[in-house]
Amino acid sequence: MTRTRYNNKLGKFKLSGIPPAPRGVPQSSVCFDIDANGMLNVFAEDQTTGQKNKINITNDKGRLGKDDIESPGRWEVQV
């Protein structure tokens, strides 16, 4: 069971410029990477148009401790 009280909004970005298409036709790839410094890098690309966007999220606000960052079962992604 996921509880919203444990969620932290880390950032937001939009992949725009994707033309309307029938359901199931648009193809996008999203890549998540956490580097050695604990920085979360998110990259997204629409395969049809080539539109790309990225965001780099640091832990500069102290929302997560080292154990939170390194715990493998604690991450849930919504795309």
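The numbers attached to residues start from 1 for each chain and follow its sequence in the written order. Thresholds applied to this predicted model are a pLDDT of at least 70 for local features of residues and 80 or more for the giving and counting of side-chain atom pairs; totals over whole chains, interfaces and linings are not thresholded and use all residues. In computing side-chain values, all of the structure's heavy atoms are included and hydrogens and water are not.

For the protein chain, the name recorded in an unreviewed UniProt entry is Heat shock protein 70, with Lolium multiflorum as its organism.

Trainee: Could you clarify how one ought to interpret the sheet that holds strand β2 (residues 40-46) in this entry?
Mentor: Picture the strands of a sheet paired through backbone hydrogen bonds; they go either parallel or antiparallel. At least two bridges found by DSSP between two strands are what make those strands a pair. Only runs of H or I of at least four residues qualify as helices and only runs of E of at least two qualify as strands under DSSP, and these elements are numbered from the N terminus. With respect to topology, three strands assemble into an open sheet ordered β1-β2-β3, the strand pairing being antiparallel. Looking at strand neighbours, the two that pair on one side only are β1 (28-34) and β3 (52-57), the edges of this open sheet. The sheet shows a mean angle of 10 degrees between the axes of neighbouring strands, direction not considered. Two strands pair when backbone bridges link them, and β2 and β3 are joined in this way by six bridges, in the antiparallel orientation. All axes are obtained by fitting lines to C-alpha atoms, using only the stretch in contact for helices, and the reported angles, taken between N-to-C directions, cover 0 to 180 degrees.

Trainee: Mind showing me how you'd approach the environment of proline 26 here?
Mentor: For proline 26, the location among the structural elements is in the segment before β1. A relative accessible area of 41% means that proline 26 is categorised as partly exposed. The classification of residues rests on relative accessible area computed with a 1.4 Å probe and restricted to protein chains. Under 20% of the type maximum is buried, over 50% is exposed, and intermediate values are partly exposed.

Trainee: How should I be thinking about the environment of isoleucine 34 in this particular structure?
Mentor: Residue position: isoleucine 34 is located in strand β1. Judged by relative accessible area, which is 39%, isoleucine 34 ranks as partly exposed. On a C-alpha basis, the gap between isoleucine 34 and isoleucine 57 in space is 9.4 Å, while along the polypeptide they are 23 residues apart.

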